[in-house]
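Understanding the architecture of this molecule
Chain residues, written in single-letter form:
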Amino acid sequence: MAKALSASKKVMKTYLSELLTDDLCNQANENHESPSKTTSISENKRLEVLLKNVNAELKIAPAEVGMQNSAPQIIKQKAKQGTQNSHLIEVSSEARLSSNEDTLTTQKSTDILATKIIKIIKRKTEKTYRQGDFQVLFFNVGGLTVAVPLIELGGIHAVDKITPLMGKPEWFKGVMLHRENKINVVDTALWVMPEKCDTIMKESLNYQYIIMLSDSAWGLTAESLVDTVTLNQEQVKWLDSPSKRPWLAGLVKDKMCALLDVDSLIELLNEGSGIYQVDS
Amino acid sequence: MSDEKSSANDKTNAKDEILQWVTFKLESESYGINVMQVQEILRYNEVAPVPGAPSYVLGIINLRGNVVTVIDTRSRFNLSPCEITDDTRIIVIESEQQIVGILVDSASEVVYLKASEIEAAPNVGNEESAQFIQGVTNREGELLILVDLDKLLSDDEWDELKQF
């Protein structure tokens, strides 16, 4: 048992280093271009580049990202353009009509994508724990330590009978009844690191607790609870990139562990997305 | 005023209809099927295998001169096979205008459930078997999984069964 645990700790170290290296690589590239800039500036720049790529026509300045109505306004502008275009289409040939329709559809889809990205960035940066000190709970799963902000913790329950449901993904452990509530239990190890979960690891997992995500019906399994710690903003490397690992709010520097973005995780679980679908 | 209230209550009651479910066990889980679809429950007797039958067909039985196809429910629900015991039952059901038998570990009881007591199962997983679940409910501290028998087999599979 002890052997298996030490083996899984080794696996976890590699896993976390992979997580961090990936991110540090991006950072290194940016530092190479402008070494004097601070991290926050480089992150802003990255977001700007991302937004520019999404739609050059949008011309979104960083200040506009915070504006509540910016996205709908853009869509309205596009809709206006669409009406003008369709007026012209009436006198043009059929071939031109189809090509214009294609362009409009592409523009619409890029607009929707841009709005979605803006929403994700806004949601990530507007979290209450993104200002000042905040408390997190650390828990262990298969040698991996995971942190969840206390403000987004819905509760902790002891593991009881979990009823599996047929046809569900492997990471969906089943439904656990708790008083009148039905908790959708997620096998955390299988969701977070399916590639590391071999038979030996699966057998060594001994789930004791269910960590409830906010006020949702989703709960993450945990082997043990570590402690609660007050962190400041400097102790976390925040990850605001919306496209990759939306469930990861950041990395706690001194514990080298993942800090969960609970809302995004709930969203992914509601969609039935495993970690592979997220990466793809 | 009171008339309005009572009519509103009537409407709520009408919507919250009571349904009867036959419950059975597979492995350690409880499942329920609509009583209206159940014709009878039989003790297990020899199921004659059919050469070349699909994997979900266990075989056929002779029910008072009629041939009834028996579906291997465990394999359909992605559960490991188990031995036949004294509790094993074949529940004869009518679904998609066909009469088939489903093999279960044991048949338990008939329960009454209000429509409001039934909750949708979490909408995750796109495996075919995920569609069998009509809903879930908390029955005396135990989760009861309600099965939609019509979805137990796909249209093609129901058509295939007609040939037996």
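Residues numbered from 1 in each chain as written. Chains lettered and ligands numbered in written order. Predicted model: local features only at pLDDT ≥ 70, side-chain atom pairs only at ≥ 80, totals over all residues.

**Some points on the overall build of chain A**
Counting its regular elements, chain A contains nine helices and twelve strands. A sequence separation of at least 24 residues applies to 59% of the contacts in chain A between residues at least 6 apart. (Helix = DSSP H or I, 4+ residues; strand = E, 2+ residues; numbered from the N terminus. Contact = placed C-beta atoms within 7 Å.)

**Remarks on the overall build of chain B**
Along the backbone of chain B there are three helices and ten strands. Listing the helices and strands of chain B from first to last along the sequence gives α-β-β-β-β-β-α-β-β-β-β-β-α. Taken across its 164 residues, chain B has 29% of its residues classed as buried. Taking the intrachain contacts of chain B between residues at least 6 apart in sequence as the baseline, contacts between residues at least 24 apart amount to 56%. (Buried ≥ 20, exposed ≤ 12 C-beta atoms within 10 Å, placed from the backbone.)

**So, the nonpolar core**
One finds Val146(A), Ala147(A), Leu259(A), Leu260(A), Ile91(B) and Ile145(B) to be the most contacted residues of the largest nonpolar core, which totals 81 residues. A per-element tally of this core places strand β10 (residues 142–147) of chain B first, with five residues. Ile145(B) has contacts with Leu165(A), Glu29(B), Ser30(B), Tyr31(B), Ile133(B) and Val136(B), leaving out every residue within four places of it along the chain. (Core = buried A, V, L, I, M, F, W, Y, C linked by C-beta atoms within 7 Å.)

**Observations concerning the interface of chain A and chain B**
Contact with chain A, which involves 13 residues of that partner, is made by 20 residues of chain B. Within the residue set of the side of chain A that touches chain B, elements represented by two or more residues are β5 (172–178) and β6 (181–186) of chain A. The element that contributes the greatest number of residues to the side of chain A that touches chain B is β5(A), accounting for three residues. Of the residues belonging to the side of chain A that touches chain B, the class tally is six nonpolar, four polar and three charged. (Nonpolar A, V, L, I, M, F, W, Y, C, P; charged D, E, K, R; others polar.)

**Structural notes on the environment of Pro122(B)**
All names here are of chain B. Structurally, Pro122 is set in the loop between β8 (106–114) and β9 (133–139). For Pro122, a count of 22 C-beta atoms within 10 Å gives the class buried. The spatial distance from the C-alpha of Pro122 to the C-alpha of Ile133 is 9.9 Å, given a sequence separation of eleven residues.

**Examining the sheet that holds strand β8 (residues 218–222) of chain A**
Residue and element names in this part refer to chain A. Spatial ordering of the open sheet is given by β3-β7-β8-β6-β5-β4, a layout of six strands whose pairing is mixed. One side of each edge strand has no neighbouring strand; the edge strands of this open sheet are β3 (153–158) and β4 (162–163). Both β5 and β6 contribute to a ladder of six bridges, which runs antiparallel. Across the sheet, Val175 pairs through a bridge with Asn184, a residue of β6. On the sheet, helix α8 (residues 262–271) packs against β6, β7 (209–213) and β8 and is oriented at approximately 100° with respect to β7. (Pairing = 2+ DSSP bridges. Axes fitted to C-alpha atoms, helices over the stretch in contact; angles between N-to-C directions.)

**Some thoughts on unusual backbone geometry**
The phi angle at Arg179(A) is positive, at roughly 50°, despite the residue not being glycine. Along the chain, Arg179(A) turns up in the loop between β5 and β6. On the basis of neighbour counts, which here come to 7 C-beta atoms within 10 Å, the residue Arg179(A) falls in the exposed class. One non-glycine residue, Glu27(B), lies in positive phi territory at about 55°. Mapped onto the secondary structure, Glu27(B) falls in the loop between β1 (18–26) and β2 (29–34).

**Details of the sheet that holds β1(B)**
All names here are of chain B. In spatial order, the strands read β8-β1-β2-β10-β9; together these five strands make up an open sheet with mixed pairing. At either end of the open sheet lies a strand with only one pairing partner, and these are β8 and β9. Each neighbouring strand pair of the sheet contributes to a mean axis angle of 35°, computed without reference to strand direction. Examined bridge by bridge, β2 and β10 share three bridges and lie parallel to one another. Residue Ser30 lies in a different strand from β10, and its bridge partner there is Leu144.

**Focus: the pairing of β9(B)**
Residue and element names in this part refer to chain B. Examined bridge by bridge, β9 and β10 share six bridges and lie antiparallel to one another. Bridge assignment links Arg139 to a residue of β10, and that residue is Glu142. Between β9 and β10, which pair antiparallel and follow one another directly, the connecting turn spans two residues, one of which, Glu140, has a positive phi of 50°.

**What to know about α8(A)**
Residues and elements named next belong to chain A. Along α8, the residues classified as buried are Val262, Leu265 and Leu269. One face of α8 carries all of its buried residues, which in axial projection span an arc of 60°. At the C-terminal side of α8, Gly272 shows a positive phi close to 80°. (Arc of directions from axis to C-beta.)

**What to know about the environment of Val148(A)**
Residue and element names in this part refer to chain A. When you line up the elements, Val148 lands in strand β2 (residues 144–149). Residue class for Val148 comes out buried when judged on the 26 C-beta atoms lying within 10 Å of it. C-alpha of Val148 to C-alpha of Leu137: the two residues are eleven residues apart in sequence and 5.3 Å apart in space. For Val148, the residues in contact, after removing those within four places along its chain, are Val136, Leu137, Leu153, Ile211, Leu260 and Val262.

**Looking at the confidence of the model for chain A**
Considering every residue of chain A, the mean pLDDT works out to 72; 56% of them sit at 70 or more. Counting interchain partners and residues more than four positions distant, the pLDDT-below-50 stretch residues 27–40 of chain A has three contacts. (pLDDT = per-residue confidence, 0-100.)

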